[in-house]
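Close look at the chain arrangement
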Amino acid sequence: MSISMVKGSVITFYRSCNKPTFWFACVVLWQLMAFLPSMPSMVLYGVYIAYALYVLFHSSNLTFYKPLLVFLLYVPVQLMLVAPDSSFHCWDRFVLFVLLLICVSPLLNNLRLAKNRRTIFRIALTVCTFLGVGSFFARFLGINYGTSRTLDNILQIGTFGGLTHHSMLLGPVAAVGCVFCCWMGYTRRIKIYWCLGVLCITAVMFSASRSALVGAIAAITILLYKLTGTKAKFMKVATSIVLLAAVTLPIWGSALDPVMQKYKGNVAEGSAYSSRENLWSARVMEFESSPLIGVGFDAIDLNLSSASGGYDKDSGMVESGSSWLIILSMTGLIGAILLFPVLFGTYRQLWFDSSPQATILLGLLTFFFVHMIAEGYIFYGGSMLAFLLWLTIGVSRDFLQYRLILINCRSK
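**Some thoughts on the overall build of the chain**
Scanning the chain for helices and strands turns up 19 helices and 2 strands. Relative to a compact globule of 412 residues, whose C-alpha radius of gyration would be 22 Å, the chain shows 21 Å and is just as compact. Each of the three principal axes of the chain carries a C-alpha extent, and together these read 60 × 60 × 45 Å. When each of the 412 residues of the chain is scored for burial, the buried share is 52%. Across the chain, the fraction of contacts at a sequence separation of at least 24, relative to all contacts at a separation of at least 6, is 74%. Between the averaged position of the 30 positive side-chain charges in the chain and that of its 16 negative side-chain charges there is a distance of 22 Å.

Here it is, written out as C-alpha cells:
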C-alpha cells in the first residue's frame with residue numbers, strides 16, 4: 001500500500017466519521033503516546049465531561065444496558081454503607097468511571113452511538129498497532145520514553161516502555177496491536193499485517209510483561225481457532241506457526257530475555273508470581289471480610305492490606321493486582337453478580353457467532369480477560385487500559401445488537 005493510498009484512506013475515514021467523536025478519540029489516545037507533550041488532567045477530565053454531555057444531549061431514542069445501569073446505581077449505595085477512607089477519593093473516582101462508561105461502554109445505546117464507538121475503536125486499534133510497531137524499532141534505535149521504578153532499574157527488568165509511558169502499558173497496547181494485525185492478516189490475506197503482528201508481539205516481549213504475553217498468545221490462539229473454522233485446519237495453521245517459531249528461534253529468542261529475567265527474579269524470591277501474590281492475598285482477605293458488598297469501590301481495607309504494598313497515601317491510588325479479584329473485594333458478591341454476566345455473557349455470545357467481525361472482538365476480549373488476572377484496572381476511569389477494555393465491551397455489545405447494520409456499514 002502506497003503512502004498516497006494511506007493518505008487517501010485517512011482523509012476518507014475522517015470525512016465519514018462523526019467529528020466530535022474523532023477528536024475525542026484523538027485527545028484520549030494522546031495519553032498513550034509518551035513522545036507527545038503531556039496533557040493536564042483537568043483538560044482530559046474536561047474532554048470526558050464534554051463528550052459525555054454530547055452523548056447524552058445529541059442522541060435520540062437512547063436505551064440503557066440494564067446490568068451496567070443497576071451496577072452504577074448500586075455503587076453509591078454501597079459507598080454510603082461501607083464509608084471507605086476519604087484518602088481513596090472513591091466518589092471522585094466513581095464519577096470518572098461513570099463518565100468513561102457513558103463515553104465508550106454499552107451503558108447507553110442507539111445506532112448512532114454504536115457507529116461512534118466503532119469509530120473510536122478503529123482509531124484505538126490503529127494507535128495500538130503504531131505504538132507496538134514503533135516501539136519495536138525504538139528498541140534498536142535506543143529510544144525509550146518509558147519510566148520505571150528504582151527496583152526495576154537496579155534489576156534492569158521491565159525498564160523498556162518504548163513509545164509509551166511504561167513497560168506495563170507497552171505490553172498490553174502492543175498485544176492489542178498484535179491481535180488486530182493477525183486478524184487483518186488472516187481475513188484480508190495481506191502478508192504485511194503478519195509482519196506487523198510479529199513486530200508487535202516482539203515489542204510485548206521487550207516490555208517484559210508476562211501477563212500481556214500470555215494474554216496475547218491466548219488471544220491469537222482463540223482468534224485462529226475461530227477463523228480457521230475446523231479443528232483440522234486450526235491444527236495445520238498452529239503447527240506451521242510453532243514450527244516457524246522454532247526454526248527462527250535463534251533470530252528472535254533474545255527478545256524473550258526480559259520476560260525470562262523477570263520470571264527468574266520472582267522465582268528467586270520464592271514464587272513465579274511473587275510480585276502479585278501479596279496483592280492477590282490481600283484482595284482475597286478483603287472479600288472474606290465483607291463478601292456481600294465488599295470494602296468499597298476503588299478502595300482497599302488498610303487494616304488487612306497494610307503489608308501488601310501498592311497503596312499511595314498521597315494520591316489514594318491502589319495497585320490492586322487483579323481486575324477479577326477487585327470486582328469481588330471492592331464490590332462484593334452483589335457487584336460480581338451484576339458485572340460477571342456483562343463480561344462473560346458478551347464473551348459467550350461472541351463465541352457462538354462465526355462472523356469474522358465477531359472473531360476480532362472475541363480475540364481482544366480473550367486478551368483482556370487473561371491480562372486482567374494480573375492487572376487491576378477495570379474500575380479505574382483514568383486508566384487507558386480501562387478505556388480500551390470498556391470500549392471493546394461497548395463495540396462487542398453494539399455488534400451483537402446491530403450486527404447486520406454494522407456489517408453493511410463496514411463493507412461500504
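**Examining the side chain of Thr129**
Summarising the element assignment, Thr129 is placed in helix H6 (residues 111–141). Thr129 has contacts with Gly177, Phe180, Cys181 and Cys200, leaving out every residue within four places of it along the chain.

**Regarding the nonpolar core**
Counting 123 residues, the largest nonpolar core has Phe24, Phe71, Phe379, Phe387 and Trp390 as the members making the most contacts within it. With 14 residues, the single largest contributor to this core is helix H8 (residues 167–188). Once residues lying within four places of it in the same chain are set aside, the contact partners of Phe24 are Val47, Tyr48, Tyr51, Cys103, Val104, Ile120 and Phe387.

**Some details on the confidence of the model for the chain**
Looking at the chain as a whole, its pLDDT mean stands at 89, while 90% of the residues score no less than 70. Counted against residues more than four places away or in other chains, residues 406–412, with its pLDDT under 50, gives 10 contacts.

**With respect to the environment of Cys200**
Looking at the secondary structure, you find Cys200 in helix H9 (residues 191–207). Residue Cys200 is classed as buried on the basis of its relative accessible area, which comes to 0%. In sequence terms Cys200 and Cys181 are 19 residues apart; their C-alpha atoms lie 8.6 Å from each other. Once residues lying within four places of it in the same chain are set aside, the contact partners of Cys200 are Thr129, Gly132, Val133, Ala174, Gly177 and Cys178.

**Structural notes on the packing of aromatic side chains**
For the structure on display, the rule yields 30 aromatic pairs. Residues Phe340 and Phe344 carry aromatic rings whose centres are separated by 5.6 Å and whose planes lie at 65 degrees to one another, so their mutual orientation is edge-to-face. Here Phe344 and Phe340 lie together in helix H16 (residues 323–351), a separation of 4 residues that amounts to about one turn. In textbook terms, an aromatic cluster arises when at least three aromatic residues are bridged by ring pairs, as seen for Phe71, Tyr74, Phe94, Phe97, Phe297, Phe379 and Trp390. Above the plane of the ring of Phe206 lies Arg139, whose end atom (NZ or CZ) is 4.7 Å from the centre. Residue placement shows Arg189 over the ring face of Tyr186; its charged tip is 4.6 Å from the ring centre.

**So, the environment of Leu389**
Among the structural elements, Leu389 can be located in helix H18 (residues 384–401). The class for Leu389 is buried, based on a relative accessible area of 0%. The sequence separation of Leu389 and Phe234 amounts to 155 residues, and the corresponding C-alpha distance is 27 Å. When sequence neighbours within four positions are dropped, the list of residues in contact with Leu389 reads Phe368, Met372, Tyr377 and Ile378.

**Details of the pattern of salt bridges**
Under the counting rule described, the total for this entry stands at 2 salt bridges. Between Asp398 and Arg117 there is a salt bridge, with the nearest N and O atoms lying 2.7 Å from each other. With Asp398 in helix H18 and Arg117 in helix H6, this pair connects stretches of sequence that are 281 residues apart. Note on Arg117: relative accessible area 2%, which makes it buried. As a salt-bridge pair, Glu286 and Arg283 come within 2.8 Å of each other at their nearest N and O atoms. Placement of the pair is Glu286 and Arg283 together in helix H14 (residues 274–289), with a separation of 3 residues, close to one helical turn. Relative accessible area serves as the criterion here: at 0%, Glu286 is assigned to the buried category. Arg283 gets classed as buried once you look at its relative accessible area, which sits at 1%.

**Quick look at unusual backbone geometry**
You will see that Ala83, though not glycine, has its phi angle at about 50 degrees, which is positive. Residue placement: Ala83 occurs in the loop between helix H4 (66–82) and helix H5 (90–104). For Ala83, a relative accessible area of 55% corresponds to the exposed category. Its identity is not glycine, yet Asp298 carries a phi of approximately 60 degrees, on the positive side. The residue Asp298 is located in the loop between H14 and helix H15 (302–305) in this model.

Criteria and cut-off values
- Residues numbered from 1 in each chain as written.
- Predicted model: local features only at pLDDT ≥ 70, side-chain atom pairs only at ≥ 80, totals over all residues.
- Heavy atoms only, no water.
- Helix = DSSP H or I, 4+ residues; strand = E, 2+ residues; numbered from the N terminus.
- Rg over C-alpha atoms; globule rule 2.2 N^0.38 Å.
- Buried < 20%, exposed > 50% of the residue type's maximum accessible area, 1.4 Å probe, protein only.
- Contact = heavy atoms within 4.5 Å.
- Lys, Arg positive; Asp, Glu negative; His and termini not counted.
- Charge placed at Lys NZ, Arg CZ, Asp CG, Glu CD.
- Core = buried A, V, L, I, M, F, W, Y, C linked by side-chain atoms within 4.5 Å.
- pLDDT = per-residue confidence, 0-100.
- Phe/Tyr/Trp six-rings, centres within 6.5 Å; stacked < 30°, edge-to-face > 60°.
- Lys NZ or Arg CZ within 6 Å of the ring centre and 35° of its normal.
- Salt bridge = Lys/Arg side-chain N within 4 Å of Asp/Glu carboxyl O.

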